[in-house]
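Listed below, chain by chain, are the residues.
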Amino acid sequence: MSADDTYPAYVVEEKGKPARLRRLTDADLPEGDVTVDVAYSSLNFKDGLAVTGKGPIARRLPMVCGIDLAGTVSASGSPQWKPGDEVVLTGWGLSETHPGGFTTRQRVRGEWLVARPDALTAEQSMAIGTAGLTAMLCVLELEGSGMTPGQGPVLVTGASGGVGSVAVAVLAKLGYEVVAATGRPESRAYLGDLGASSFVDRAELSEPGRPLQKERWAHAVDTVGSTTLVSVLSQIGYRGSVAACGLAGGNDLPATVLPFILRGVSLLGVDSVQCPTDVRAEAWKRLGADLPQDLLAQLTTARGFADIPRLAEDILAGRTRGRVVIDIN
Ligand code: NDP
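None of these values were measured; they are calculated from a predicted model.

Each helix and strand in the protein was counted, giving 10 helices and 16 strands. Relative to its length of 329 residues, the protein is compact, with a C-alpha radius of gyration of 20 Å against a globular reference of 20 Å. C-alpha extents for the protein along the principal axes are approximately 65 × 40 × 35 Å. Put simply, 70% of the contacts in the protein that link residues at least 6 apart link residues at least 24 apart.

Quick look at the structure:
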């Protein structure tokens, strides 16, 4: 691609309005010291909000959508990177404060990039994307809090989603007994193939109930928030922990302190956007080792650039399953 070429991008231009397909040139590239030819991106819940205009993701306009990208460095003023390097970028405010990955060329800051993990192709790295990285960050937090196999079942809420599916696959591979909470009975066979050994109807967790209930789970990954997270906390066993990363069911938390002060339960917050580089590197390394590639293929759907607007509607409506990787070219 030459510097005079135009290239397509999904751009939010007006607050509350859907992103439009625009053609950009190098003159439109933002500040940064590394230019990347983007090969793949991915679809996350946040991309759904940004592309449809249904959530206030972009903090300045116009803004290129897409919170993830993977590709090849085409120009670099950073000592860390040279043309030809294969890189991955998730988070760091892409599509919020800095133009993102739903385009074929982007300029970013070198310190945001990680080298594509040896064990993964560019396409696989975006099949994982922010959602998969977040699932692994949850596992790392739970391990840091003392989680080991054999302590009892580990619950994953929002299990058919991107974060949930990767969490199920990784935890099962690591030898945990994984229970998948899902609102989609038709997903049970899929989740069983990823390694879930049993299932809970998500409706069972959507009412908070008593603040201390029967101890059902040793630990949990929660992608739903709100009353679901409250129920999960009230059902965690003594000194268990919950990694909370999502708000698919709401951003409130109408809980009591009883699980914390009477059962020593830990609530562990997980953020992937500003997560420090060393933790990201560890998470990518672990994804290369602990997410079986056949399971990654099973939980991934590949789609093209033109499908982005429809996919954005689909993920918000709960019609996508697992991860969607976007082939940009
Ligand atoms: P998905 O849309 O792929 O998955 C969300 C899943 O949650 C759905 O598949 C569904 O699972 C379940 N769900 C949806 N709506 C509800 C509801 N109203 N009540 C209960 N369950 C519901 O999204 P992602 O996996 O990409 O993201 C999951 C959450 O994590 C989102 O809130 C996202 O914003 C957040 N997130 C946070 C990150 C961070 O850095 N902290 C990074 C990435 C994501 P099922 O059909 O099986 O019930």
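Looking now at the sheet that holds strand β1 (residues 7-12). Taken in spatial order, the 3 strands make up an open sheet running β2-β1-β4, and their pairing is antiparallel. Both edges of this open sheet fall to β2 (20-24) and β4 (63-64), since each of them pairs with a single strand only. Across 2 bridges, β1 lies against β4 in antiparallel orientation. Across the sheet, residue V12 finds its bridge partner in β4, namely M63.

This part covers the packing of helix α2 (residues 122-144) against helix α3 (residues 162-173). Helix packing for two helices is described by the angle between their axes and how far apart those axes are. Where α2 meets α3, the axes come as close as 8 Å, and the angle between the chain directions of the two elements is 50°. It follows from the interaxial angle that α2 and α3 lie oblique. For the element pair α2 and α3, the recorded crossing hand is right-handed. Taking contact as the criterion, the partners of I128, A131, G132, T134, A135, M136, C138 and V139 in α2 are, on α3, G162, V163, V166, A167, V170 and L171. By residue class, the composition of the contact of α2 with α3 is 11 nonpolar, 3 polar and no charged.

In the vicinity of the ligand there are 33 residues, among which G158, S160, G161, T182 and G246 approach most closely. Those elements that provide at least two residues to the shell around the ligand are α1 (45-52), α2 and α3. For the shell around the ligand, the per-class residue count stands at 11 nonpolar, 18 polar and 4 charged. Taken domain by domain, the shell around the ligand gets at least three of its residues from each of domain 1 (7-116 + 299-327) and domain 2 (130-269).

With that out of the way, let us pick up the sheet that holds strand β9 (residues 154-156). With parallel pairing, the 6 strands of this open sheet are ordered in space as β11-β10-β9-β12-β13-β14. Sheet topology places β11 (196-201) and β14 (266-269) at the edges, where each strand pairs with a single neighbour. Geometrically, the sheet is characterised by an average inter-axis angle of 20° between neighbouring strands, direction not taken into account. Sitting on the sheet, α2 is in contact with β12 (217-222), β13 (236-244) and β14, with an inclination near 150° to β13.

By domain assignment, the protein separates into domain 1 (7-116 + 299-327) and domain 2 (130-269). Measuring from the centre of the C-alpha atoms in domain 1 to the corresponding centre in domain 2 gives 29 Å. Across the contact, 10 residues belong to domain 1 and 13 residues belong to domain 2.

Moving on: α3. Here α3 contains 12 residues, and its C-alpha end-to-end distance of 17 Å stays within 8% of the 16 Å for a straight helix at 1.5 Å per residue. Two residues or fewer after α3 comes G175, characterised by a positive phi angle close to 95°.

A135, C138, V156, V166, A167, V168 and V178 are the most contacted members of the largest nonpolar core, which has 99 residues in total. Here this core takes 11 residues from α2, the largest share from any one element. For this core, the domains that each give at least three residues are domain 1 (7-116 + 299-327) and domain 2 (130-269).

Moving on, we come to the pairing of β12. Most of β12 sits inside the fold, with 6 of its 6 residues counted as buried. With 3 bridges joining them, β9 and β12 adopt parallel strand pairing. Residue pairing in the sheet places L155 in a bridge with A220 of β12. By the bridge criterion, 5 bridges tie β12 to β13 in an arrangement that is parallel. For V221, the partnering residue across the bridge sits in β13 and is A243. Running through helix α6 (residues 226-235), the crossover from β12 to the neighbouring parallel element β13 is right-handed.

This part takes up the UniProt feature "domain: Enoyl reductase (ER)" (unreviewed entry) in the protein. With numbering aligned to this structure, UniProt lists the feature "domain: Enoyl reductase (ER)" (unreviewed entry) at residues 16-326. Note that residues 16-326 is 32% helix and 25% strand, and that its end C-alpha atoms are spaced 24 Å apart.

Below, the discussion takes up the confidence of the model for the protein. In the predicted model, the protein carries a mean pLDDT of 97, and 99% of its residues have values of at least 70. Interface confidence for the predicted complex, given as ipTM, is 0.99, next to a pTM of 0.97.

This paragraph deals with the packing of α2 against helix α8 (residues 277-290). Relative orientation of the contacting elements α2 and α8 amounts to 100°, with a least axis distance of 9 Å. Classed by the angle they form, the pair α2 and α8 counts as roughly perpendicular. Taking contact as the criterion, the partners of I128, G132, L133, M136, L137 and L140 in α2 are, on α8, E282, A283, R286 and L287. Grouping the amino acids of the contact of α2 with α8 by side-chain chemistry returns 7 nonpolar, 1 polar and 2 charged.

Basis of the calculations
Residues numbered from 1 in each chain as written. Predicted model: local features only at pLDDT ≥ 70, side-chain atom pairs only at ≥ 80, totals over all residues. Helix = DSSP H or I, 4+ residues; strand = E, 2+ residues; numbered from the N terminus. Rg over C-alpha atoms; globule rule 2.2 N^0.38 Å. Contact = placed C-beta atoms within 7 Å. Pairing = 2+ DSSP bridges. Axes fitted to C-alpha atoms, helices over the stretch in contact; angles between N-to-C directions. Parallel < 35°, antiparallel > 145°, perpendicular 65-115°, else oblique. Left-handed = near helix turned anticlockwise from the far one by under 90°. Nonpolar A, V, L, I, M, F, W, Y, C, P; charged D, E, K, R; others polar. Near = placed C-beta within 6 Å. Domains from an automatic or database assignment. Expected span 1.5 Å × (residues − 1). Core = buried A, V, L, I, M, F, W, Y, C linked by C-beta atoms within 7 Å. Buried ≥ 20, exposed ≤ 12 C-beta atoms within 10 Å, placed from the backbone. Right-handed = clockwise from strand over helix to strand, strands pointing away. UniProt positions renumbered as here; feature names shortened; annotations may be inferred. pLDDT = per-residue confidence, 0-100.

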